[in-house]
Amino acid sequence: MRVGLLFGSFNPIHIGHLIIAQSVLNNSDLEKIWFVVSPQNPFKDSGSLLHEFDRIDMVREAIGNHPDFHASDIEFSLPKPSYTSHTLAYLSERFSSYDFKLIIGEDNLLSFDRWKNYEAILNDYGVYVYPRPVEKNSEFKSNSNITVVDAPVVDISSTLIRKYIKEGKSVQYLTPEPVYELIKSRKYYT
């Protein structure tokens, strides 16, 4: 089975994540998409993160019973910070019959050479790239292990959602309804 891994803090997950995941699934040879909740991204400040269990709850609520989506907490038990290369190696060992592929936005491709073991990720797994608003192209885009997937450019961010919540503005329709209700009831980001 060919599984695409969409890593993220998902702080919170929003409709942009779901639109991208469905578009990648529709327009590639991937059979499943796993949303891998990262407890600590080495490139991000962890100070504004909700607890990882709260974030996985939101991801589970967001994907509901979608037959081809899966919420993964695999990185919760791995050393922190979370490095994609380590997680890919662990998953490949644990699920040896699966063919894992990394899914990233075009903006991440610009700094891909800063990722730990990026050559191994590229050569051993391959990368599916969805469009993001970027001003220049990456040298990696022409690599044979990069697959550019047709998907809409979605410019919604978790940062914007957290900002709106702090300002007392509604984020309804920016997150799936069950996530919106969870954010309200648990008073996340206030």
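Above this text is the structure in question.
Residues numbered from 1 in each chain as written. Predicted model: local features only at pLDDT ≥ 70, side-chain atom pairs only at ≥ 80, totals over all residues. Heavy atoms only, no water.

Student: Now, about the packing of aromatic side chains: what can you tell me, with residues and values included?
Tutor: Taken as a whole and judged by the stated rule, the model has 12 aromatic pairs. Ring centres 5.5 Å apart and planes at 20 degrees place the aromatic pair Phe-95 and Tyr-98 in the stacked group. A relative accessible area of 28% means that Tyr-98 is categorised as partly exposed. Sitting above the plane of the Tyr-83 ring, Lys-116 keeps its charged end 5.0 Å from the centroid. (Phe/Tyr/Trp six-rings, centres within 6.5 Å; stacked < 30°, edge-to-face > 60°. Buried < 20%, exposed > 50% of the residue type's maximum accessible area, 1.4 Å probe, protein only. Lys NZ or Arg CZ within 6 Å of the ring centre and 35° of its normal.)

Student: An account of the side chain of Ser-85 is requested, with residue identities and associated values reported.
Tutor: Tracing the chain through its elements places Ser-85 in helix H3 (residues 84-94). Separated by 3.4 Å, the side chain of Ser-85 and the backbone oxygen of Lys-116 make a polar contact. A distance of 3.2 Å separates a polar atom in the side chain of Ser-85 from a polar atom in the side chain of Asn-117. Other than its neighbours up to four places away in sequence, Ser-85 contacts Lys-116, Asn-117 and Ile-121. (Helix = DSSP H or I, 4+ residues; strand = E, 2+ residues; numbered from the N terminus. Polar contact = N/O pair within 3.5 Å; in protein donor to acceptor, adjacent residues only side chain to side chain. Contact = heavy atoms within 4.5 Å.)

Student: Could you give me a rundown of unusual backbone geometry, with the residues and numbers involved?
Tutor: Of note, the amide linkage connecting Asn-11 to Pro-12 takes the cis form, showing an omega dihedral of 5 degrees. Residue position: Pro-12 is located in the loop between strand S1 (2-8) and helix H1 (15-26). The omega angle of the peptide bond from Lys-80 to Pro-81 is 5 degrees, so this bond is cis rather than trans. Locating Pro-81 in the fold gives a position in the loop between strand S3 (69-72) and H3. The residue Lys-187 is not glycine, and still its phi comes out positive at about 55 degrees. With respect to the element layout, Lys-187 can be found in the segment after helix H7 (177-186). Assessed through its relative accessible area of 61%, Lys-187 is described here as exposed.

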